[in-house]
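A closer look at the structure
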Amino acid sequence: MALKEMKPLNLKRNERIDVDYIKGILQPTPTCATWDDIWNFQAKPDDLLISTYPKAGTTWTQEIVDMIQNDGNIEKSKRAPTHLRFPFIEWVFPPIGSGLNQANAMPSPRMLKTHLPIQLLPPSFLEKGCKIIYMARNAKDNLVSYYHFHKMNAGLPDPGTWEEYFEDFLEGRVCWGSWHDHVKGWWDAKDKYPILYLFYENMKKDPRSEIRKIMEFMGKSLDEDTLDKIIYHTSFDIMKKNPMANYTSVPGEIMDHSVSPFMRKGAVGDWKSYFTVAQNERFDEDYKRKMMGTTLTFCSHL
Ligand code: A3P
(Lines give C-alpha, C1' and ligand atoms only; values in the text may rest on other atoms or scores of the structure.)
Protein backbone atom coordinates (compact mmCIF):
# COMPACT_ATOMS: atom_id res chain seq x y z
CA MET A 1 0.00 0.00 0.00
CA ALA A 2 1.42 3.42 -0.86
CA LEU A 3 1.63 6.03 1.89
CA LYS A 4 -0.85 8.37 0.26
CA GLU A 5 -3.53 5.65 0.16
CA MET A 6 -3.54 5.16 3.92
CA LYS A 7 -6.72 6.15 5.71
CA PRO A 8 -6.54 7.84 9.12
CA LEU A 9 -6.72 5.28 11.91
CA ASN A 10 -8.96 7.33 14.21
CA LEU A 11 -8.02 5.21 17.21
CA LYS A 12 -10.33 5.66 20.17
CA ARG A 13 -8.95 5.71 23.70
CA ASN A 14 -7.74 2.21 24.69
CA GLU A 15 -7.80 0.96 21.07
CA ARG A 16 -4.51 -0.56 19.93
CA ILE A 17 -2.67 -0.76 16.66
CA ASP A 18 -2.13 -4.26 15.14
CA VAL A 19 1.28 -5.76 14.51
CA ASP A 20 2.76 -8.14 11.96
CA TYR A 21 6.18 -9.46 10.95
CA ILE A 22 8.68 -7.90 8.51
CA LYS A 23 11.50 -10.38 7.87
CA GLY A 24 10.90 -11.94 11.30
CA ILE A 25 10.70 -8.65 13.20
CA LEU A 26 7.38 -7.46 14.69
CA GLN A 27 6.24 -4.08 13.46
CA PRO A 28 3.02 -2.06 13.62
CA THR A 29 0.90 -2.97 10.58
CA PRO A 30 1.06 0.51 8.95
CA THR A 31 4.84 0.05 8.82
CA CYS A 32 4.43 -3.44 7.29
CA ALA A 33 1.97 -2.09 4.70
CA THR A 34 4.48 0.49 3.48
CA TRP A 35 7.64 -1.53 3.98
CA ASP A 36 8.85 -1.28 0.36
CA ASP A 37 8.80 2.51 0.56
CA ILE A 38 10.71 2.41 3.85
CA TRP A 39 13.31 -0.07 2.59
CA ASN A 40 13.88 2.06 -0.51
CA PHE A 41 14.25 5.30 1.43
CA GLN A 42 16.98 7.45 -0.10
CA ALA A 43 19.33 8.84 2.51
CA LYS A 44 21.59 11.80 1.75
CA PRO A 45 25.28 11.82 2.71
CA ASP A 46 24.79 14.63 5.23
CA ASP A 47 21.88 12.94 7.02
CA LEU A 48 22.55 12.24 10.69
CA LEU A 49 20.69 9.19 11.96
CA ILE A 50 19.95 8.36 15.59
CA SER A 51 19.36 4.68 16.05
CA THR A 52 18.24 2.89 19.18
CA TYR A 53 16.30 -0.06 20.47
CA PRO A 54 13.01 1.48 21.72
CA LYS A 55 13.36 3.08 25.16
CA ALA A 56 17.14 3.16 25.18
CA GLY A 57 17.34 6.94 25.43
CA THR A 58 16.42 8.05 21.92
CA THR A 59 14.71 11.29 22.94
CA TRP A 60 17.59 12.22 25.24
CA THR A 61 20.10 11.69 22.43
CA GLN A 62 17.89 13.64 20.03
CA GLU A 63 17.72 16.61 22.37
CA ILE A 64 21.51 16.60 22.82
CA VAL A 65 22.13 16.31 19.07
CA ASP A 66 19.66 19.08 18.30
CA MET A 67 21.24 21.40 20.85
CA ILE A 68 24.72 20.70 19.50
CA GLN A 69 23.51 21.28 15.97
CA ASN A 70 22.03 24.61 17.09
CA ASP A 71 25.18 25.64 19.01
CA GLY A 72 23.36 25.45 22.35
CA ASN A 73 20.49 27.73 21.32
CA ILE A 74 17.61 26.60 23.54
CA GLU A 75 14.94 28.57 21.69
CA LYS A 76 15.87 26.90 18.40
CA SER A 77 15.61 23.48 20.03
CA LYS A 78 12.12 24.40 21.19
CA ARG A 79 10.96 25.16 17.64
CA ALA A 80 8.90 21.92 17.43
CA PRO A 81 8.26 18.66 19.29
CA THR A 82 10.93 15.96 19.01
CA HIS A 83 8.94 13.81 16.58
CA LEU A 84 8.74 16.71 14.10
CA ARG A 85 12.37 17.76 14.47
CA PHE A 86 13.54 14.19 13.84
CA PRO A 87 11.47 12.22 11.32
CA PHE A 88 11.11 8.62 12.53
CA ILE A 89 11.68 6.91 9.21
CA GLU A 90 9.75 3.65 9.70
CA TRP A 91 6.92 5.17 11.71
CA VAL A 92 3.61 5.42 9.91
CA PHE A 93 0.83 6.54 12.15
CA PRO A 94 -2.06 7.95 10.16
CA PRO A 95 -3.32 10.32 12.89
CA ILE A 96 0.12 11.90 13.07
CA GLY A 97 1.67 11.22 9.67
CA SER A 98 4.54 9.29 8.21
CA GLY A 99 8.23 9.61 8.99
CA LEU A 100 9.11 9.08 5.35
CA ASN A 101 6.92 11.93 4.13
CA GLN A 102 8.32 14.13 6.88
CA ALA A 103 11.91 13.22 5.98
CA ASN A 104 11.34 13.77 2.29
CA ALA A 105 9.92 17.23 2.98
CA MET A 106 12.76 18.23 5.30
CA PRO A 107 15.60 20.47 4.10
CA SER A 108 19.17 19.21 4.60
CA PRO A 109 21.04 18.66 6.79
CA ARG A 110 18.42 16.25 8.13
CA MET A 111 18.37 14.60 11.54
CA LEU A 112 16.48 11.31 11.47
CA LYS A 113 15.48 8.56 13.88
CA THR A 114 15.10 4.81 13.59
CA HIS A 115 14.60 1.80 15.86
CA LEU A 116 15.29 -0.70 13.09
CA PRO A 117 17.73 -3.55 13.70
CA ILE A 118 20.76 -3.19 11.42
CA GLN A 119 19.54 -5.84 8.94
CA LEU A 120 16.33 -3.86 8.33
CA LEU A 121 18.01 -0.46 7.99
CA PRO A 122 17.32 0.98 4.51
CA PRO A 123 20.63 0.18 2.73
CA SER A 124 20.99 3.72 1.46
CA PHE A 125 22.16 4.97 4.90
CA LEU A 126 25.24 2.74 4.83
CA GLU A 127 25.84 3.15 1.09
CA LYS A 128 25.87 6.94 1.44
CA GLY A 129 28.17 6.80 4.47
CA CYS A 130 25.75 8.67 6.75
CA LYS A 131 26.86 9.33 10.30
CA ILE A 132 24.87 7.25 12.77
CA ILE A 133 24.67 7.59 16.55
CA TYR A 134 23.56 4.39 18.27
CA MET A 135 22.48 4.62 21.92
CA ALA A 136 22.21 1.36 23.87
CA ARG A 137 20.75 0.77 27.33
CA ASN A 138 21.14 -2.21 29.64
CA ALA A 139 18.51 -4.83 28.90
CA LYS A 140 16.84 -4.88 32.30
CA ASP A 141 16.08 -1.17 32.49
CA ASN A 142 15.26 -1.20 28.79
CA LEU A 143 12.68 -3.94 29.40
CA VAL A 144 11.03 -2.10 32.30
CA SER A 145 10.88 1.15 30.36
CA TYR A 146 9.44 -0.58 27.28
CA TYR A 147 6.77 -2.30 29.39
CA HIS A 148 5.56 1.03 30.76
CA PHE A 149 5.70 2.61 27.33
CA HIS A 150 3.50 -0.16 25.92
CA LYS A 151 0.94 0.57 28.59
CA MET A 152 0.64 4.26 27.73
CA ASN A 153 1.04 4.08 23.94
CA ALA A 154 -1.79 2.99 21.64
CA GLY A 155 0.77 2.77 18.84
CA LEU A 156 1.99 -0.51 20.37
CA PRO A 157 0.12 -3.69 21.37
CA ASP A 158 -1.22 -4.12 24.89
CA PRO A 159 1.72 -5.62 26.84
CA GLY A 160 -0.45 -7.94 28.96
CA THR A 161 0.75 -8.63 32.48
CA TRP A 162 4.28 -7.89 33.63
CA GLU A 163 5.00 -11.63 33.67
CA GLU A 164 3.72 -12.06 30.09
CA TYR A 165 5.64 -9.07 28.83
CA PHE A 166 8.81 -10.26 30.53
CA GLU A 167 8.66 -13.50 28.53
CA ASP A 168 7.76 -11.71 25.29
CA PHE A 169 10.77 -9.41 25.67
CA LEU A 170 13.12 -12.33 26.29
CA GLU A 171 11.78 -14.12 23.23
CA GLY A 172 12.00 -10.98 21.07
CA ARG A 173 8.22 -11.10 20.55
CA VAL A 174 7.99 -7.32 20.77
CA CYS A 175 8.08 -4.55 18.18
CA TRP A 176 11.56 -4.08 16.70
CA GLY A 177 12.46 -7.60 17.81
CA SER A 178 15.05 -9.01 20.16
CA TRP A 179 17.00 -6.52 22.30
CA HIS A 180 19.98 -8.90 22.27
CA ASP A 181 20.13 -9.13 18.47
CA HIS A 182 19.60 -5.39 18.11
CA VAL A 183 22.49 -4.27 20.33
CA LYS A 184 24.81 -6.97 18.95
CA GLY A 185 23.94 -6.25 15.33
CA TRP A 186 24.73 -2.55 15.65
CA TRP A 187 27.83 -3.31 17.73
CA ASP A 188 29.22 -5.49 14.94
CA ALA A 189 28.44 -2.80 12.35
CA LYS A 190 30.16 0.01 14.22
CA ASP A 191 33.67 -0.85 13.03
CA LYS A 192 32.65 -0.96 9.37
CA TYR A 193 30.59 2.23 9.18
CA PRO A 194 30.64 5.71 10.73
CA ILE A 195 28.68 4.69 13.82
CA LEU A 196 29.18 6.23 17.25
CA TYR A 197 28.04 3.60 19.76
CA LEU A 198 27.02 5.07 23.12
CA PHE A 199 25.59 3.79 26.39
CA TYR A 200 22.74 5.29 28.40
CA GLU A 201 24.52 4.44 31.65
CA ASN A 202 27.67 6.34 30.62
CA MET A 203 25.53 9.32 29.66
CA LYS A 204 24.02 9.25 33.16
CA LYS A 205 27.42 8.88 34.82
CA ASP A 206 29.33 11.46 32.84
CA PRO A 207 27.16 13.50 30.49
CA ARG A 208 29.94 15.99 29.71
CA SER A 209 32.26 13.36 28.34
CA GLU A 210 29.50 11.63 26.32
CA ILE A 211 28.12 14.91 24.96
CA ARG A 212 31.65 15.85 23.93
CA LYS A 213 31.95 12.57 22.02
CA ILE A 214 28.73 13.39 20.15
CA MET A 215 29.93 16.92 19.45
CA GLU A 216 33.22 15.69 18.01
CA PHE A 217 31.48 13.01 15.97
CA MET A 218 29.21 15.68 14.51
CA GLY A 219 32.26 17.76 13.61
CA LYS A 220 31.28 20.61 15.93
CA SER A 221 33.32 22.55 18.43
CA LEU A 222 31.52 24.22 21.33
CA ASP A 223 32.98 25.97 24.38
CA GLU A 224 32.61 24.74 27.96
CA ASP A 225 29.83 27.25 28.80
CA THR A 226 27.78 25.95 25.89
CA LEU A 227 28.40 22.39 27.00
CA ASP A 228 27.18 23.34 30.51
CA LYS A 229 24.03 24.73 28.97
CA ILE A 230 23.45 21.56 26.96
CA ILE A 231 24.03 19.33 30.00
CA TYR A 232 21.48 21.33 31.98
CA HIS A 233 18.86 21.60 29.25
CA THR A 234 19.06 17.88 28.48
CA SER A 235 18.93 16.70 32.10
CA PHE A 236 15.97 14.48 32.96
CA ASP A 237 14.24 17.04 35.21
CA ILE A 238 14.42 19.81 32.63
CA MET A 239 13.39 17.62 29.69
CA LYS A 240 10.47 16.25 31.71
CA LYS A 241 9.10 19.80 31.93
CA ASN A 242 9.82 20.68 28.30
CA PRO A 243 6.67 20.18 26.18
CA MET A 244 8.86 20.08 23.06
CA ALA A 245 10.78 17.09 24.43
CA ASN A 246 8.37 15.18 26.70
CA TYR A 247 5.86 13.94 24.10
CA THR A 248 2.89 15.68 25.74
CA SER A 249 2.18 17.25 22.34
CA VAL A 250 1.06 13.86 20.99
CA PRO A 251 -2.75 13.42 21.24
CA GLY A 252 -3.94 11.69 24.41
CA GLU A 253 -5.66 8.93 22.40
CA ILE A 254 -2.17 7.81 21.35
CA MET A 255 0.01 8.51 24.38
CA ASP A 256 -1.74 8.59 27.73
CA HIS A 257 0.70 10.13 30.20
CA SER A 258 -1.74 9.55 33.07
CA VAL A 259 -1.07 5.80 32.64
CA SER A 260 2.70 6.30 32.63
CA PRO A 261 4.53 9.51 31.70
CA PHE A 262 6.88 9.33 28.72
CA MET A 263 9.55 10.87 30.95
CA ARG A 264 9.03 8.22 33.58
CA LYS A 265 12.10 7.83 35.85
CA GLY A 266 15.19 8.26 33.70
CA ALA A 267 17.22 6.10 36.07
CA VAL A 268 19.74 3.26 36.00
CA GLY A 269 18.76 0.26 38.13
CA ASP A 270 15.00 0.85 38.26
CA TRP A 271 14.60 -2.78 37.13
CA LYS A 272 15.29 -3.85 40.72
CA SER A 273 11.82 -2.58 41.68
CA TYR A 274 10.18 -4.89 39.12
CA PHE A 275 12.21 -8.09 38.67
CA THR A 276 11.48 -10.91 41.09
CA VAL A 277 14.47 -12.96 42.25
CA ALA A 278 13.31 -15.82 40.01
CA GLN A 279 12.90 -13.50 37.01
CA ASN A 280 16.37 -12.08 37.59
CA GLU A 281 17.91 -15.55 37.64
CA ARG A 282 16.00 -16.57 34.53
CA PHE A 283 17.01 -13.34 32.80
CA ASP A 284 20.71 -13.69 33.65
CA GLU A 285 20.87 -17.29 32.52
CA ASP A 286 19.12 -16.46 29.21
CA TYR A 287 21.32 -13.35 28.79
CA LYS A 288 24.51 -15.35 29.17
CA ARG A 289 23.47 -17.64 26.35
CA LYS A 290 22.31 -14.90 24.01
CA MET A 291 25.29 -12.59 24.59
CA MET A 292 27.93 -15.32 24.47
CA GLY A 293 30.86 -14.47 22.22
CA THR A 294 30.26 -10.71 21.99
CA THR A 295 32.70 -8.12 23.32
CA LEU A 296 29.74 -5.89 24.14
CA THR A 297 29.21 -5.30 27.87
CA PHE A 298 26.64 -3.33 29.85
CA CYS A 299 26.28 -2.17 33.43
CA SER A 300 22.80 -2.36 34.92
CA HIS A 301 23.43 -0.31 38.07
CA LEU A 302 25.59 2.69 38.87
P1 A3P B 1 12.31 5.37 31.72
O2 A3P B 1 11.02 4.80 31.21
O3 A3P B 1 13.19 4.33 32.36
O4 A3P B 1 12.12 6.56 32.60
P5 A3P B 1 13.23 6.67 24.38
O6 A3P B 1 13.44 8.13 24.21
O7 A3P B 1 14.20 5.82 23.64
O8 A3P B 1 11.81 6.32 24.17
O9 A3P B 1 13.59 6.35 25.90
C10 A3P B 1 12.79 6.80 26.94
C11 A3P B 1 13.51 6.53 28.22
O12 A3P B 1 14.59 7.47 28.36
C13 A3P B 1 12.61 6.75 29.44
O14 A3P B 1 13.13 5.88 30.45
C15 A3P B 1 12.89 8.21 29.73
O16 A3P B 1 12.54 8.61 31.03
C17 A3P B 1 14.40 8.24 29.53
N18 A3P B 1 14.91 9.60 29.33
C19 A3P B 1 14.45 10.55 28.51
N20 A3P B 1 15.15 11.68 28.66
C21 A3P B 1 16.08 11.43 29.61
C22 A3P B 1 17.10 12.21 30.22
N23 A3P B 1 17.30 13.49 29.90
N24 A3P B 1 17.87 11.62 31.16
C25 A3P B 1 17.69 10.34 31.51
N26 A3P B 1 16.73 9.54 30.96
C27 A3P B 1 15.94 10.10 30.03
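Scroll up to find the structure this text is about.
This section reports on the structure supplied with the text. Keep in mind that this is a model prediction, so the values were computed, not measured.

Conventions and cut-offs
Residues numbered from 1 in each chain as written. Predicted model: local features only at pLDDT ≥ 70, side-chain atom pairs only at ≥ 80, totals over all residues. Heavy atoms only, no water. Pairing = 2+ DSSP bridges. Helix = DSSP H or I, 4+ residues; strand = E, 2+ residues; numbered from the N terminus. Axes fitted to C-alpha atoms, helices over the stretch in contact; angles between N-to-C directions. Contact = heavy atoms within 4.5 Å. Salt bridge = Lys/Arg side-chain N within 4 Å of Asp/Glu carboxyl O. Buried < 20%, exposed > 50% of the residue type's maximum accessible area, 1.4 Å probe, protein only. Near = heavy atom within 4 Å. Polar contact = N/O pair within 3.5 Å; in protein donor to acceptor, adjacent residues only side chain to side chain. Areas by Shrake-Rupley, 256 points an atom, 1.4 Å probe, with all protein chains shown as cover. Nonpolar A, V, L, I, M, F, W, Y, C, P; charged D, E, K, R; others polar.

Let's talk about the sheet that holds strand β6 (residues 111-114)
Strand order across the open sheet formed by four strands is β6-β3-β7-β8, with parallel pairing between neighbours. Each end of this open sheet is capped by a strand with a single partner; those strands are β6 and β8 (195-199). Here the strands of the sheet are splayed against their neighbours by 20 degrees on average, with no regard to which way each runs. Bridge count for strand β3 (residues 48-52) against β6 is four bridges, and the pairing is parallel. Following the sheet pairing, Ser51 is matched in β6 by Thr114. Packing of helix α3 (residues 58-69) onto the sheet brings it into contact with β3, β6 and β7 (131-136), and relative to β3 it is tilted by some 160 degrees. Running over the sheet, helix α10 (residues 179-189) touches β3, β7 and β8 and is turned about 140 degrees from β8.

Quick notes on the environment of Gln62
Within the secondary structure layout, Gln62 lies in helix α3. Ignoring any residue separated from it by four or fewer positions in sequence, one finds Gln62 in contact with Ile50, Thr82, Phe86, Lys113 and Tyr247.

Some remarks on the pattern of salt bridges
One pass over the full model with this rule turns up 19 salt bridges. Close ionic contact of Lys220 with Asp71 constitutes a salt bridge, the shortest N to O distance being 2.9 Å. Here the residue Lys220 occupies a position in the loop between α12 (207-217) and α13 (224-233), and Asp71 occupies one in the loop between α3 and α4 (74-77), the gap between them amounting to 149 residues. For Lys220, a relative accessible area of 24% corresponds to the partly exposed category. Of the charged contacts, one joins Asp168 and Arg173 as a salt bridge, the two residues approaching to 2.8 Å between their closest N and O atoms. Bridged by salt links that share partners, the residues Glu63, Asp66, Arg79 and Arg85 form one connected network.

Brief notes about the site of the ligand
Near the ligand lie 18 residues; those nearest to it are Thr58, Thr59, Ser145, Tyr200 and Lys265. Measuring from an oxygen atom of the ligand, one finds a backbone N or O atom of Ala56 at 3.3 Å. Gly266 is positioned with one of its backbone polar atoms (N or O) 2.7 Å from an oxygen atom of the ligand. Coverage of the ligand by the protein amounts to 98% of the 570 Å² it exposes when considered alone. Of all the secondary-structure elements, those providing two or more residues to the shell around the ligand are α3 and α14 (236-241). With three residues, the single largest contributor to the shell around the ligand is α3. Among the residues making up the shell around the ligand, the classes are represented as seven nonpolar, seven polar and four charged.

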